[in-house]
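Residues per chain are reported as follows:
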Amino acid sequence: MTSLLRQFDQQSLAEIGRELHEFATELYPICRSITGDGIRRTLGIIGAKIQLQMSEVPSGTEVFDWTVPKEWNVRDAYIKNTAGRRVVDFRQSNLHVLNYSKPVHAKLSLSELKQHLFTLPEHPDWIPYRTSYYKLAWGFCLTHKQMLTLSEGEYEVCIDTTLENGSLTYGECCLPGRSSEEVVISCHACHPSLANDNLSGLAVASALAQLLSGKDLRYSYRFLFIPGTIGAITWLARNRENVSRIRHGLVLTCVGDAGGFHYKKSRRGNAEIDQAMAYALQHCGETSEILEFTPYGYDERQYCSPGFNLPVGCLMRSVWGTFPEYHTSADNLDFIHPDQLARSLRLCVSLVDVLENNRHYLSQNPFCEPQLGKRNLYSSTGGKSIDEEINARLWTLNFSDGKHSLLDIAERSGLPFASICDAARLLSEGGLLVETSGEV
Amino acid sequence: MTSLLRQFDQQSLAEIGRELHEFATELYPICRSITGDGIRRTLGIIGAKIQLQMSEVPSGTEVFDWTVPKEWNVRDAYIKNTAGRRVVDFRQSNLHVLNYSKPVHAKLSLSELKQHLFTLPEHPDWIPYRTSYYKLAWGFCLTHKQMLTLSEGEYEVCIDTTLENGSLTYGECCLPGRSSEEVVISCHACHPSLANDNLSGLAVASALAQLLSGKDLRYSYRFLFIPGTIGAITWLARNRENVSRIRHGLVLTCVGDAGGFHYKKSRRGNAEIDQAMAYALQHCGETSEILEFTPYGYDERQYCSPGFNLPVGCLMRSVWGTFPEYHTSADNLDFIHPDQLARSLRLCVSLVDVLENNRHYLSQNPFCEPQLGKRNLYSSTGGKSIDEEINARLWTLNFSDGKHSLLDIAERSGLPFASICDAARLLSEGGLLVETSGEV
Amino acid sequence: MTSLLRQFDQQSLAEIGRELHEFATELYPICRSITGDGIRRTLGIIGAKIQLQMSEVPSGTEVFDWTVPKEWNVRDAYIKNTAGRRVVDFRQSNLHVLNYSKPVHAKLSLSELKQHLFTLPEHPDWIPYRTSYYKLAWGFCLTHKQMLTLSEGEYEVCIDTTLENGSLTYGECCLPGRSSEEVVISCHACHPSLANDNLSGLAVASALAQLLSGKDLRYSYRFLFIPGTIGAITWLARNRENVSRIRHGLVLTCVGDAGGFHYKKSRRGNAEIDQAMAYALQHCGETSEILEFTPYGYDERQYCSPGFNLPVGCLMRSVWGTFPEYHTSADNLDFIHPDQLARSLRLCVSLVDVLENNRHYLSQNPFCEPQLGKRNLYSSTGGKSIDEEINARLWTLNFSDGKHSLLDIAERSGLPFASICDAARLLSEGGLLVETSGEV
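What counts and how
Residues numbered from 1 in each chain as written. Chains lettered and ligands numbered in written order. Predicted model: local features only at pLDDT ≥ 70, side-chain atom pairs only at ≥ 80, totals over all residues. Heavy atoms only, no water. Helix = DSSP H or I, 4+ residues; strand = E, 2+ residues; numbered from the N terminus. Buried < 20%, exposed > 50% of the residue type's maximum accessible area, 1.4 Å probe, protein only. Contact = heavy atoms within 4.5 Å. Lys, Arg positive; Asp, Glu negative; His and termini not counted. Charge placed at Lys NZ, Arg CZ, Asp CG, Glu CD. Least-squares fit on C-alpha atoms with pLDDT ≥ 70 in both. Buried area = accessible area lost by both parts, 1.4 Å probe. Salt bridge = Lys/Arg side-chain N within 4 Å of Asp/Glu carboxyl O. Polar contact = N/O pair within 3.5 Å; in protein donor to acceptor, adjacent residues only side chain to side chain. Nonpolar A, V, L, I, M, F, W, Y, C, P; charged D, E, K, R; others polar. Expected span 1.5 Å × (residues − 1). Pairing = 2+ DSSP bridges. Axes fitted to C-alpha atoms, helices over the stretch in contact; angles between N-to-C directions. Phe/Tyr/Trp six-rings, centres within 6.5 Å; stacked < 30°, edge-to-face > 60°. Lys NZ or Arg CZ within 6 Å of the ring centre and 35° of its normal. Disulfide = S-S within 2.5 Å. pLDDT = per-residue confidence, 0-100.

Asks: Help me understand the overall build of chain A, please; the structure alone is not making it clear to me.
Replies: Along chain A, the regular secondary structure elements total 13 helices and 19 strands. The proportion of buried residues among the 440 residues of chain A is 63%. Excluding contacts between residues fewer than 6 apart, the proportion of contacts in chain A whose partners are at least 24 apart in sequence is 81%. Put simply, chain A has 42 plus and 51 minus side-chain charges, and the middle of one group is 2 Å from the middle of the other.

Asks: What am I meant to see in the relation of the copies chain C and chain A here?
Replies: Between the two copies of this chain, the relationship is a rotation about some axis together with a displacement along it. Of the transformation placing chain C onto chain A, the axial shift is 0.1 Å and the rotation is 120°, giving an RMSD of 0.0 Å. What the superposition gives is, in effect, a three-fold axis relating one chain to the other.

Asks: Is there a simple way to explain the interface of chain C and chain A in this structure?
Replies: Frequently, the measure chosen for interface size is the accessible area that the parts lose on association. Tallying the contact residues gives 30 residues for chain C and 25 residues for chain A. Carbon and sulfur atoms make up 51% of the surface buried where chain C meets chain A, a total of about 2400 Å² over both sides. Summed over the shared surface of chain C and chain A, the number is four salt bridges. For Lys374(A), the salt bridge is made with Asp65(C), and the minimal N-O distance between the two is 3.4 Å. On inspection of chain C and its partner chain A, the count reaches 13 residue pairs in polar contact (both at pLDDT 80 or more). Among the elements of the structure, strand E3 (66-67), helix H7 (230-238) and helix H9 (300-303) of chain C are those that each provide at least two residues to the side of chain C that touches chain A. Of the residues contributing to the side of chain C that touches chain A, the split by class is 15 nonpolar, nine polar and six charged.

Asks: How should I be thinking about helix H6 (residues 195-212) of chain C in this particular structure?
Replies: Side chains of residues three or four places apart in an α-helix project in the same direction, reflecting 3.6 residues per turn. Residue and element names in this part refer to chain C. A rise of 1.5 Å per residue sets the reference length of H6, with its 18 residues, at 26 Å; its end C-alpha atoms lie 24 Å apart and thus fit the reference within 8%. By the criterion of burial, H6 is predominantly enclosed, with 16 of the 18 residues buried. Downstream of H6 by a residue or two, glycine 214 has a phi angle that is positive, lying close to 80°.

Asks: For this particular structure, what's the right way to read the sheet that holds strand E6 (residues 104-109) of chain C?
Replies: Strand pairs in the sheet, formed through backbone hydrogen bonds, run parallel or antiparallel to each other. Residues and elements named next belong to chain C. On the basis of which strands lie adjacent, the open sheet formed by four strands has the order E5-E4-E9-E6 and antiparallel pairing. Each edge of the open sheet carries a strand with a single partner, namely strand E5 (86-89) and E6. In this sheet, neighbouring strand axes are inclined to one another by 20° on average, regardless of whether the strands run parallel or antiparallel. Of the strand pairs in this sheet, strand E4 (residues 71-80) and strand E9 (residues 154-164) are connected by nine bridges, and their pairing is antiparallel. Each bridged residue has a counterpart across the sheet, and for aspartate 76 the counterpart in E9 is aspartate 160.

Asks: What's the story with the interface of chain B and chain A in this structure? I'm lost.
Replies: Contact with chain B, which involves 25 residues of that partner, is made by 30 residues of chain A. When the buried area of chain B at its contact with chain A is split by residue, Phe367(B), Cys368(B) and Glu369(B) rank highest and sum to 28% of it. Where chain B packs against chain A, one counts four salt bridges. The shortest N-O distance in the salt bridge between Arg267(A) and Asp401(B) comes to 2.9 Å. Run the count over chain B and chain A and you get 13 residue pairs in polar contact (both at pLDDT 80 or more). Of all the elements, helix H11 (residues 388-399) of chain B adds the most residues to the side of chain B that touches chain A, at six residues. Each residue belonging to the side of chain B that touches chain A can be placed in one class, and the counts come to ten nonpolar, nine polar and six charged.

Asks: What should I look at first to understand the packing of aromatic side chains in this one?
Replies: How two aromatic rings sit relative to each other is set out by the distance from centre to centre and by the angle between their planes. On inspection of all chains with the given rule, the structure shows 48 aromatic pairs over all chains. Seen in terms of ring centroids, Trp72(A) and Tyr100(A) are 5.6 Å apart; in terms of plane orientation they differ by 25°. Their pairing is stacked. In this pair, Trp72(A) sits in strand E4 (residues 71-80) while Tyr100(A) sits in the loop between strand E5 (86-89) and strand E6 (104-109), placing the two residues 28 residues apart along the sequence. Take Trp72(A): its relative accessible area is 2%, and that puts it in the buried class. Of the residues examined, Tyr100(A) reaches a relative accessible area of 2% and is grouped as buried. Where Trp320(A) meets Tyr326(A), the ring centres are 6.3 Å apart and the plane angle is 45°; that geometry is what we call tilted. Among the residues examined, Tyr326(A) registers a relative accessible area of 15% and is labelled buried. Here the aromatic cluster, defined as three or more aromatic residues joined through ring pairs, consists of Tyr296(A), Tyr298(A), Trp320(A), Phe323(A), Tyr326(A) and Phe335(A). Sitting over the ring of Phe261(B), Arg317(B) keeps its end group 4.0 Å from the ring centre.

Asks: Sorry if this is basic, but what is going on with the pattern of salt bridges here?
Replies: Any two side chains of opposite charge can pair, so long as their charged atoms come close to each other. All names here are of chain C. Enumeration according to the criterion identifies 81 salt bridges over all chains in this entry. The shortest N-O distance in the salt bridge between arginine 40 and aspartate 37 comes to 2.8 Å. Separated by three residues within a single helix, arginine 40 and aspartate 37 lie in helix H3 (residues 37-47), roughly one turn from each other. For aspartate 37, a relative accessible area of 40% gives the class partly exposed.

Asks: How should I be thinking about the state of the cysteines in this particular structure?
Replies: Defined simply, a disulfide is a covalent bond joining two cysteines at their sulfur atoms. Throughout the structure, instances matching the rule amount to zero disulfides over all chains. Cysteine Cys421(A) shares no disulfide, and the gap to the nearest cysteine sulfur, in Cys284(A), comes to 18 Å. In this structure Cys421(A) comes out as buried when scored by relative accessible area, which is 6%. Sulfur of Cys314(B): no disulfide; nearest cysteine sulfur belongs to Cys254(B) and is 8.1 Å away. The buried category is assigned to Cys314(B), whose relative accessible area is 0%.

Asks: When you look at the confidence of the model for chain A in this model, what are you seeing that I'm missing?
Replies: Low pLDDT means the predicted atomic positions in that stretch should not be read closely. With 100% of its residues at a pLDDT of 70 or more, chain A shows a mean pLDDT of 96. Overall fold confidence for the complex sits at a pTM of 0.93, while the interface term, ipTM, reaches 0.94.

Asks: I would appreciate a short explanation of the environment of Ala271(B) in the present structure.
Replies: Residues and elements named next belong to chain B. Within the element layout of this structure, alanine 271 appears in the loop between strand E14 (261-264) and helix H8 (272-282). By relative accessible area, which is 6% here, alanine 271 ends up buried. When the C-alpha atoms of alanine 271 and arginine 247 are compared, they prove to be 9.3 Å apart, with 24 residues separating the residues in sequence. Apart from the residues lying within four places of it in its own chain, the contact partners of alanine 271 are Ser266 and Pro311.

Okay, structure coming up:
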């Protein structure tokens, strides 16, 4: 079988990890949101690595039940104390401003101010990440420890944002393959300085796109870098007629932390992507867990809404919401690890290998075994047991009835997928197998 | 969701139990059989609590493979010893007479008499319950201990019964609901002084009918108080055209003893009643076990005969035949407990709750999630995890594809059925869901 | 039920075992191959016990992807040392010659000779069994210990074989039953002096055919004694139009060693033979294991090729290739045991019992239970639990819906298959059941 993984493994995992982490580091300081210049700059940086087609969808555009919101941009935000000192400063952390805050400039008492403050009492050193996309509001996020130090007095608050008609931005990287059927890899690119969620996904997806660029591919690949929820909804609304070409899909997020893998299955639960990922995980050498589909999560929520029900799963290391650093300032560049990023990329490469090579064949000699010996595909001396190579041929021949994919045969036989693929290639070359569509 | 259980739980369980036990106590002394005045009086007492429609089916009526037998009534029965003393006396226990004994008045030697005596050597203090409905016979049941005391001599036996053309009696309580589809609750009412089998069922079923009376119900409810086997067969023969409206059914018996619940599934094994009862049992706070269908047992034998194959299960506490008191004088009023009766009723109420509220819906916005926020059905500040209430909405929206019932969604999500029902109601009111028939 | 097993169990198992082992002993010395006089003589000996129809298929005949090879016969073969002494002598063991060796007569140095020698270094006292049917070659098999004793010098090798146009020979024993639907029992008869593989199969199959001869049978039985692989392929090629009448099939091999049973399921995995064998194994009183189908093995490879996909499983004791004696001189007459052979035969008899008696019925009274009492098929005194006999009747009546076979009912009820069959017979005689084809 054509093996991208074999090529990948010729590089140093440490080197790959370093590059992925550096890329995350470059993106980290930018204040992103679901619209605005932060995501535009981010896509610009990604676009310097891979060919990215940018889309701008005007505010007010109706997308299914939703409307593209006004564009949000932030220049500055702070809280000054009576002494005029910035006690909370957007320039120190972009998490300090409630994401999508409307502009405000006012003087308030401490108790008035507290109505607009968000903290994490259980993690007093961390700044929470909070948003208010669809309800006009303003606020600041800060460490609980700092809030406790605020003394009575008058505070000047300034949120220098704009919320105006503009557009929602997303980027797509399309790698055409021999078939117009697509594999979609989708990452949300709307979170500000949060490393695992989801600079990790952006780094891994970009690197995967780079790896696949220029390769002779079976499927076409589409990488989506989009704002969460509204971005996926917008993309689906604008591509409704084309979703039928999506054969496999994967949402990529939180793939840099120290945890083992978690794969959340598509709503279908038995899609080929689910089977292929299960196989890839089993052989990746790391601990992994497979989770049933749930309707809450990342953008698989939209791809797997019942009207679409697309075969889209979600790959994570630690599951969002289950690690305390989630959506806080502690999800920083130290929270993600070069090696973990590299191994996540490696898993994606092995998944692509499975998808690219998994096919259905039809035996051209279904009645009795064909005589492999006369084709030099069998051992010439009889009486001793056959080896794995010949066994793989017998399995592939017997179960190439159009109903079993090569991956099905690998699973049923317990033989490596690569051995089954090699057998299928050899048998095809010998005219014993012909590829079929495998409609079940 | 409309919750009968919530209403039920406002009453005192102890009070309910006391009433149920008192009702059983009132019915206990009557000598019932599959026909005759005993079952008529029993139905009269039930009819004083709930509206009962009585049916009289003449002896000789053909019902499928069976024939309604002659009517049996008993005035007196005894065995007198040589001294003229009643050593076995029907007036002391109606179990003493072999149920459906033909009339006899004769003098016999002890050895001749013994041909007609039934005892339980392994429980020498208990009187067995024996019947001979379809073979003309006579006999007495007595404790083994007593039989051993019978000395040689001539005995006068008298069984003052009548076996004449008459009719088979049964009672139905019909509570019309919004739909003509029916839930059938069936209890055998033919056993004489046996408490668990089945005064417990009669008490619980009557109380359930009382509770449901006058309520605004989705389904119509039909309570059947019938003689075992021949009664169910007679009812089915006379209602053959109408059984298609039976959507769910439950046979209720042995629900007063100290044991945990046993539910025997319908022959179908995957009927909605089976799923609903499994859910109710899981959440009832008692131990319970679910049994596969077997063709031997109570009247589910008839409802689940292959030609009907109705979705009818059977609820018990201890399973008939597995407790030594079964069909003996030890199945008396001490063997059933007020608290156990009340909890059985409570379980039935919770089952009705599930059946009444379990529906199928179709999402009106199947493409991507609808925007719950603009309908005030979502949390306005993003970034933190959602609560169970919102989660229930997402589950209900995503799986309301016409194929999944609310109970299916509750099971799949692990969320309480009540939360899913509440979500469905709210989403329906918001126009996001529309109920469907759920034909699978 | 008609029980062949009951008849079988009247004989002494020890006596049966002795006869089976004697039969294997008689066949042991013959040098068999996939063609030639060895298999002809073998079939002649089998034909003296059971009526065998012989087929001769000319060399060169095309059979699917294969061609019937030239016929091979061996008169003598040896290696002589410089002293002219036979150091390797075919007359001492027919395993010494590479099966299907072309003729050769030459003088070689030791190193030249070694190119043609096969030994088993890990078992230095055993002679391996090797073949070269489809690639022209010559060689000798010998113990490793002996090979180490060969000193430098010139050796005379002589293989006095013929490889000429002739024919492939196989034998069939056909026992007509009431139906033209067939049970096929297939054994390979091509191995030389190897006892478990497969004189054990030949002995057991012949004895089974003897037992069934002249019996009133439901199915027709066809016993195939054929050369491995090419024989099965030839038979299938010549009987392609008739395979649809094969209702059940079993390959029999390695059934004499000390191991417990292994049954390899048909490719279908849920064929009636798979279910019947599982039942027979469960009740045979020996340890057994059921294996999933794999495309490597004995002639089930051909019967279960995807174009045929026949319901053919394979019964073994120890699985080929898993015991060290496999395909060596250690698979001799001591390796197979009279008692094990007899118990293998007994299992086959019990399998035939299940197949012969497993039927589908349709209840003629599907609405409610029929009244068994009036047919004397029920206990007349009610009130106590019924016995297994009556329980079997209720199970059989309730599940005789045309979809459940008697074996299905036995498995579901947990009652013995024989009890269910007895119930079905009694109920049929009473007009309550009618046999159906059971098309599912």
